[in-house]
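# Remarks on the overall topology
The chain contents come next:
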Amino acid sequence: MDNYLQKKLNEAVQIERLIDTAVKLIGIPSPTLSTKSVADKLAEILEEDDFRVKRPEANWPESPAVFVTYDSGQPGRTLQFDGHLDTVHLPYVEPRVEKGKLYGSGASDMKGGIAAMCEALRIIRDTGLLKSGKIILTAHDHHEAPWGDGRQVKALIEEGFVGDGVLIPEYHCESLPVLGRGMAILEVSIMREGLPVHEVQGGTGTTLSHSSRSKSHHQVYGIK
Ligand SMILES: [Zn+2]
């Protein structure tokens, strides 16, 4: 990006508006599979900013996704901003800003990022600097495993709510990751013959003893 563009975009960012959006989103608890209220709030914020919001169900009617397009009016590629509105199932923490830092459930993972998506969309529109192509914004549930299974983002992609390239503003501060390690979820079932018995009463050989548990643990976690 050249210096002129960077300067224009930086000048257009309204920090207070950005923080206000993040605080409003963090102010609504949204553990995975329970994002309806925060999705409604995001849609309301974007509508108040004069964006036309669509709410595709995308295989999760309990909480339709949020979708917005900003079109430059000229043909070109589409850049997508995507984020998940759900947070992990930890005790809820109210939003607060302290000494220049934003705190609260999902502040970094990833309602702060979603607020940044909204602010980016506003300044791209208001500066008129996008000369071709489109920007789309998508926000959805079902991200955090093991509670969610990723179905909503997959359905969005299958239904065509997808760009030519995607920016996902998760928490990496000033670095721009270009590669991730990915994630695997394993389900392990361990069985033995005989009736269920408490581990301290079964004696060795009849129950899942400490040594066999430890062995299983090593076998499972030894998989790399
Ligand atoms: Zn995340």
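As a reminder, the structure under discussion sits directly above these lines.
Anyway, here's the lowdown on the structure attached to this text.

Parameters at a glance
- Residues numbered from 1 in each chain as written.
- Predicted model: local features only at pLDDT ≥ 70, side-chain atom pairs only at ≥ 80, totals over all residues.
- Helix = DSSP H or I, 4+ residues; strand = E, 2+ residues; numbered from the N terminus.
- Buried ≥ 20, exposed ≤ 12 C-beta atoms within 10 Å, placed from the backbone.
- Contact = placed C-beta atoms within 7 Å.
- Expected span 1.5 Å × (residues − 1).
- Arc of directions from axis to C-beta.
- Pairing = 2+ DSSP bridges.
- Axes fitted to C-alpha atoms, helices over the stretch in contact; angles between N-to-C directions.
- Left-handed = near helix turned anticlockwise from the far one by under 90°.
- Parallel < 35°, antiparallel > 145°, perpendicular 65-115°, else oblique.
- Nonpolar A, V, L, I, M, F, W, Y, C, P; charged D, E, K, R; others polar.

### Things to note about the overall build of the chain
When helices and strands are counted, the chain shows six helices and seven strands. In sequence order, the secondary structure elements of the chain are arranged as α-α-α-β-β-β-β-β-α-β-α-β-α. Residue burial in the chain is summarised as follows: out of 224 residues, 27% are buried. Contacts in the chain between residues at least 24 apart in sequence constitute 73% of all its contacts with a sequence separation of at least 6.

### Observations regarding helix α3 (residues 36-48)
Along its 13 residues, α3 runs 18 Å from first to last C-alpha, staying within 8% of the 18 Å computed at 1.5 Å per residue. Buried within α3 are the following residues: Val38, Ala39, Leu42, Ala43, Ile45 and Leu46. Projection of α3 onto a plane perpendicular to its axis shows the buried side chains occupying an angular sector of 160°, all on one side. Turned more than 90 degrees away from the buried face of α3, the exposed residues are Glu44, Glu47 and Glu48. Tucked inside the fold, the buried residues of α3 contact α2 (15-26), β1 (53-54), β2 (66-71), α4 (107-127) and β6 (134-140).

### Focus on the sheet that holds strand β3 (residues 78-84)
Taken together, the five strands give an open sheet; going across it, the order is β1-β2-β6-β3-β7, and neighbouring strands pair in mixed fashion. If you trace the sheet from one side to the other, it starts and ends with β1 and β7 (165-167), each paired once. With seven bridges joining them, β3 and β6 adopt parallel strand pairing. Bridging from a neighbouring strand, Asp82 pairs with Thr138 of β6. In the packing of α3 onto the sheet, the strands contacted are β1, β2 and β6, and the crossing angle to β2 comes to about 25°. Packing against the sheet, α4 makes contact with β2, β3 and β6, and its axis sits at approximately 150° to β3.

### Here we look at unusual backbone geometry
Looking along the chain, the bond that leaves Asp109 and enters Met110 is cis, with omega of -5°. Topologically, Met110 is positioned in helix α4. Of note in this structure, Ala58 is not a glycine but carries a positive phi near 45°. Position of Ala58 relative to the elements: it lies in the loop between β1 and β2.

### Observations concerning the packing of helix α1 (residues 3-12) against α4
Look at α1 against α4: their axes get within 9 Å of each other, and the N-to-C directions meet at 115°. Of the two possible hands of crossing, α1 and α4 adopt the one that is right-handed. Counting all contacts with α1, which are made through Lys8, Leu9 and Ala12, the residues of α4 involved are Ile123, Asp126 and Thr127.

### Structural notes on the packing of α2 against α4
At a closest axis distance of 8 Å, the pairing of α2 and α4 adopts a crossing angle of 135°. It follows that α2 is oblique to α4 by the angle criterion. In this structure, α2 crosses over α4, and the sense of that crossing is right-handed. When α2 is examined against α4, the residues Arg17, Leu18, Thr21, Ala22, Leu25 and Ile26 are found in contact with a partner set consisting of Ala107, Lys111, Gly112, Ile114, Ala115, Ala116, Cys118 and Glu119. When grouped by side-chain class, the residues that make up the contact of α2 with α4 number nine nonpolar, two polar and three charged.

### What about the pairing of β2?
Here two bridges tie β1 to β2, and the two strands are oriented antiparallel to one another. Across the sheet, the residue bridging to Val53 is Val68, located in β2. In the sheet, β2 pairs with β6 via six bridges, with the strands oriented antiparallel. Bridging across to β6, Tyr70 finds its partner in Ile135.

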